[in-house]
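Topology and contacts: notes
Chain residues, written in single-letter form:
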Amino acid sequence: MTITIKTGADIDAMRIACRLASEVLDYLTPFVKPGATTEELDKLAHDYMVDVQGCVPAPLNYAPGGHKPYPKSICTSINHQVCHGIPNDRPLKDGDIVNIDITVIKDGWHGDTSRMFICGNGSIAAKRLCAFTYDAMWKGIAKVKPGARLGDIGHAIQTFAESNGFSVVREFCGHGIGQKFHEEPQVLHYGRPGTLEELKPGMIFTIEPMINAGKKDIKSMGDGWTIVTKDRSLSAQWEHTVLVTETGYEVLTLSAGSPPQPDFITSTKT
């Protein structure tokens, strides 16, 4: 396994790309409401990335081995869709939950982040799933520091999610990122502490747990991209891109509109 360690200049470039990715979500936030279509959101995001930010939408025509090219500039996964949902012309309904996943390329560097949105008045169960998934992501982020192991991240996420009655999707994971969309290492959202690769300063990767309200089992839809829960239970995901620093971590995908960090994070910051 070859994990790239980013230089100071690399990290500066990644800070820009990652902030821009988060700012796309800031821009889209007021448009995510009942009656809007994900097709419209995709068009808004595409034009903002290209015309305002001077970025390239990384998902557009992305075609990893065995996949046909992805046809849109963002991923929009609604309700029981786990990930890689393709924007379409179906209007969002009151109570829908939707994950919007943004990856931009700025000056050759990738910034990758996603957020959950609740359209109108979400159910208590939907709000709880989205909130606990957000906290699960941050439980993983909090484990990032030099000398820690990737297994520490996965274990923190898994134990938190499962102790609150949720399940963790196994087939998809976080990943290293930089000049390539997906690099080593793979960042599992389950596992045992003290296992897998050691974290070192200069590593940059995503933490992006997919948490289901029901069972962990998933299936792929006929479009070749969209992943859904087998039992049709709701699924949620949040994603940040994280740098391992000399003393801990830096979340690169933060912007003015990012949701506040959980109390268990802010209370431990000095």
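Not measured: the values here are computed from a predicted model.

The geometry of helix 1 (residues 8-28) relative to helix 2 (residues 38-52) is characterised by a closest axis approach of 10 Å and an angle of 135 degrees between their N-to-C directions. Considered as vectors, helix 1 and helix 2 are oriented oblique to each other. Crossing of helix 1 against helix 2: the hand is right-handed. Contact residues: helix 1 offers Glu23, Val24, Tyr27 and Leu28, while helix 2 offers Leu41, Leu44, Ala45, Tyr48 and Met49. Classifying every residue of the contact of helix 1 with helix 2 by side-chain character gives eight nonpolar, no polar and one charged.

Each neighbour pair has its own omega, and for Glu184 with Pro185 the value is 5 degrees, a cis peptide bond. Among the secondary structure elements, Pro185 is positioned in strand 8 (residues 183-187). Although it is not a glycine, Asp107 sits at a positive phi angle of roughly 55 degrees. The residue Asp107 is located in the loop between strand 4 (97-106) and strand 5 (109-118) in this model.

With that out of the way, let us pick up helix 1. When the terminal C-alpha atoms of helix 1 are compared, their 31 Å separation across 21 residues agrees well with the 30 Å that a helix rising 1.5 Å per residue should span. Buried residues along helix 1 sit in contact with helix 2, strand 4, strand 5, strand 9 (204-207) and strand 14 (240-244).

What follows covers the pairing of strand 5. Burial runs high along strand 5: nine of the 10 residues are buried. With 10 bridges joining them, strand 4 and strand 5 adopt antiparallel strand pairing. Residue Ile97 lies in a different strand from strand 5, and its bridge partner there is Ile118.

The subject of this paragraph is the sheet that holds strand 3 (residues 81-83). Whether parallel or antiparallel, the strands of a sheet pair through hydrogen bonds between backbone atoms. Taken in spatial order, the three strands make up an open sheet running 3-12-11, and their pairing is antiparallel. For this open sheet the edge positions go to strand 3 and strand 11 (218-220), each flanked by a neighbour on one side alone. In this sheet, adjacent strand axes meet at a mean angle of 40 degrees when their direction is disregarded. Two elements, strand 11 and strand 12 (residues 227-229), share three bridges in a ladder whose sense is antiparallel. Considered in strand 12, the bridge of Ser220 is made with Ile227.

Moving on, we get to the packing of helix 3 (residues 124-141) against helix 4 (residues 150-163). Across the interface, helix 3 lies against helix 4 with an axial gap of 7 Å and an inter-helix angle of 155 degrees. The angle between helix 3 and helix 4 falls in the class roughly antiparallel. The handedness of the crossing between helix 3 and helix 4 is right-handed. Contacts between helix 3 and helix 4 pair Phe132, Asp135, Ala136, Lys139 and Gly140 from the former with Ile153, Ala156, Ile157 and Phe160 from the latter. The class makeup of the residues in the contact of helix 3 with helix 4 is six nonpolar, one polar and two charged.

Criteria and thresholds
- Residues numbered from 1 in each chain as written.
- Predicted model: local features only at pLDDT ≥ 70, side-chain atom pairs only at ≥ 80, totals over all residues.
- Heavy atoms only, no water.
- Axes fitted to C-alpha atoms, helices over the stretch in contact; angles between N-to-C directions.
- Helix = DSSP H or I, 4+ residues; strand = E, 2+ residues; numbered from the N terminus.
- Parallel < 35°, antiparallel > 145°, perpendicular 65-115°, else oblique.
- Left-handed = near helix turned anticlockwise from the far one by under 90°.
- Contact = heavy atoms within 4.5 Å.
- Nonpolar A, V, L, I, M, F, W, Y, C, P; charged D, E, K, R; others polar.
- Expected span 1.5 Å × (residues − 1).
- Buried < 20%, exposed > 50% of the residue type's maximum accessible area, 1.4 Å probe, protein only.
- Pairing = 2+ DSSP bridges.

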